[in-house]
Amino acid sequence: MNVVGIITSGAVALFITALLTAGIRRAVLRRGAVARPDGRPPRVRTAYLGGPAAVLSVTAVTWAGTGLGLAEPGTSVLPLLAASGALAAVGLVHDLRPLGNWPRLAAQTAAAVAVVSFSGLSPAAGVLGMVWIVFLTNAFSMLDNSDGAMGTVCAVTAAGLLVCAAADGRSGVVLLLAALMAALIALLVQGRHPARLLPGACGSQFTGFVLAGCAVLVHASAPPERAAWTALPVLTLVAVTDTVLVLVSRRRASRPMLPDGTDHIAHRLRRVRLTKPGVAVVLGLGAVAATLTATLVYTGQLPPWAGLLPTACALLAVVALLRIPAYANGLPRPPRTPRPAKVPPAPAAAVPGARPTTPPATGGRPAAELAGDRR
């Protein structure tokens, strides 16, 4: 494995992404592609088309690195890269003209089938791998609900997967993950609070699919002595915990499962007065703890049962976060019924047969006497 070449590829991906994000932000702001306000300072205009910068840089660097011999020949990374690029195109269409949930799930499933077909898994394991890829793609992409949260967690997860792939000599996976990690770091420069550029569905779906696909490829080629069945799920623990929290919370509140909402980990931490940078730090620390444990288990430095510790902590976190209210009485607010307009009473003089009364302001005295007093 050409370590110097892979490090150089990561640096190139970092530079290309930083250059493209600056240009894309100026272009999309000029054309009015600005994110909807969500509590950000009013002077910060946030563009939401930062995903193409990461997609272009990661794709170009990985293809070039494979052509230069930095990755093993016949690698299954190229089908993963092609499928993730197609899925990123679907995400870009969704950014420009929102699609429904089912078309996006269909595109994710087709892309996952393409990756599993080149992974070398058995048919039964391939079905499980396809489901796992679709689940993780959505789990990672749904972390993009707070400034810097998704980029931080995904960059840490990519670093852990890179270590696992490097331990098995998977240079193609290492090259792809090095480029992705560098691109995520460059996006974090614009995406930290207050965010000036968001990855959008294009960037979040691409990132989640690449991480999920790399996890399946590492598992498919892992030697028997590796505890891949324990280590790799722990690597993705933060994203899985967030999705489990949302699913359990919505099931308890009888709310729809598919649409996104304000019931994720980041939203609940914000309700207990944690700032957006603080949310990114907390999620990042959780990802570091899970990734460190997973890599030590995968490389044999810790026994497989050590992965139960972060998993138990994640379950306790779900129980604790469920106690933080996320909905109004657990159900959507009923629509407000408009109040009937109050009709002012008719003046007494307008009522037939009514005697005119003296206005209260005169105190019952004739207007002529009041005028004499003023004089």
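Report follows, based on the coordinates. (Residues numbered from 1 in each chain as written. Predicted model: local features only at pLDDT ≥ 70, side-chain atom pairs only at ≥ 80, totals over all residues. Heavy atoms only, no water.)

**What about the overall build of the protein chain?**
Test applied: Numbering of helices and strands starts at the N terminus; helices are DSSP runs of H or I of at least 4 residues and strands are runs of E of at least 2. Partly exposed describes any residue whose relative accessible area lies between the buried limit of under 20% and the exposed limit of over 50%, with all areas from a 1.4 Å probe on protein chains only and scaled to the type maximum. Whether two residues touch is decided by their heavy atoms; if any such pair falls within 4.5 Å, the residues are in contact. Method for areas: the Shrake-Rupley scheme with a 1.4 Å probe, in which residue coverage is limited to the protein chains shown.
The secondary structure content of the protein chain amounts to 14 helices and zero strands. Secondary structure elements of the protein chain, listed N to C terminal, follow the sequence α-α-α-α-α-α-α-α-α-α-α-α-α-α. Buried positions account for 46% of the 375 residues belonging to the protein chain. Across the protein chain, contacts joining residues at least 24 apart in sequence account for 75% of those joining residues at least 6 apart. For the protein chain, the computed accessible surface area is about 19500 Å², with 67% contributed by carbon and sulfur atoms.

**Focus: the environment of methionine 181**
By secondary structure assignment, the location of methionine 181 is in helix H7 (residues 171-191). A C-alpha to C-alpha distance of 9.8 Å links methionine 181 and threonine 152, two positions 29 residues apart in sequence. Discounting residues that sit within four places of it in the chain, methionine 181 has contacts with Ala155, Ala158, Ala159 and Leu162.

**Examining helix H2 (residues 51-67)**
Test applied: Under the convention used throughout, the expected extent of a helix is 1.5 Å for every residue step, that is, one less than its residue count.
Its 17 residues place the ends of H2 24 Å apart at the C-alpha level, agreeing with the 24 Å of an ideal helix rising 1.5 Å per residue. Of the positions making up H2, those classed as buried are Gly51, Pro52, Ala53, Ala54, Val55, Ser57, Val58, Val61, Thr62 and Gly65. Glycine 69, located one to two residues past H2, shows a positive phi value of around 90°.

**So, the packing of H2 against helix H3 (residues 77-96)**
Stated precisely, the cut-off is as follows: Angles run from 0 to 180 degrees between N-to-C directions of axes, and those axes are lines fitted to C-alpha atoms, restricted for helices to the stretch in contact. Here roughly perpendicular refers to angles of 65 to 115 degrees, roughly parallel to angles under 35, roughly antiparallel to angles over 145, and oblique to all remaining angles. By convention the crossing between two helices is left-handed if the near helix lies anticlockwise of the far one by an angle smaller than a right angle, and right-handed if it lies clockwise. Only Asp, Glu, Lys and Arg are considered charged, only Ala, Val, Leu, Ile, Met, Phe, Trp, Tyr, Cys and Pro nonpolar, and every remaining residue, Gly among them, polar.
Viewed as axis vectors pointing N to C, H2 and H3 meet at an angle of 165°, and their least axial separation amounts to 11 Å. Judged by the inter-axis angle, H2 sits roughly antiparallel to H3. Judged by the twist between their axes, the crossing of H2 over H3 is left-handed. Contacts between H2 and H3 involve Pro52, Val55, Val58, Thr59, Thr62, Trp63 and Thr66 on the former and, on the latter, Val77, Leu78, Leu81, Ala88 and Leu92. Taken together, the residues that form the contact of H2 with H3 break down as nine nonpolar, three polar and no charged.

**As for helix H12 (residues 276-298)**
For H12, built from 23 residues, the straight-helix expectation of 33 Å at 1.5 Å per residue is met to within 8% by its first-to-last C-alpha distance of 33 Å. Residue glycine 300 follows H12 closely and has a positive phi angle near 85°.

**Section: the pattern of salt bridges**
Counted only if it meets this: Salt bridges are defined by distance alone: a side-chain nitrogen of Lys or Arg within 4 Å of a carboxyl oxygen of Asp or Glu.
Throughout the structure, instances matching the rule amount to two salt bridges. For arginine 226, the salt bridge is made with aspartate 168, and the minimal N-O distance between the two is 3.1 Å. Pair noted here: arginine 226 is in the loop between helix H8 (200-220) and helix H9 (228-235) and aspartate 168 is in the loop between helix H6 (149-167) and H7, with a separation of 58 residues, a long-range link. The salt bridge partner of arginine 250 is aspartate 263, with a shortest N-O separation of 2.8 Å. Of this pair, arginine 250 sits in helix H10 (residues 237-252) while aspartate 263 sits in the loop between H10 and helix H11 (265-271), and the two are 13 residues apart along the sequence. A relative accessible area of 3% places arginine 250 in the buried class.

**Some points on the environment of alanine 27**
Mapped onto the elements, alanine 27 comes out in helix H1 (residues 3-30). As a C-alpha pair, alanine 27 and leucine 49 span 22 residues in sequence and 9.9 Å in three-dimensional space.

**Quick word on unusual backbone geometry**
In this structure, serine 254 takes a positive phi of about 55° despite not being glycine. On the accessibility criterion, serine 254 (58% relative accessible area) is exposed. We note that arginine 273 has phi near 75°; this positive angle belongs to a residue other than glycine. Along the chain, arginine 273 turns up in the loop between H11 and H12.

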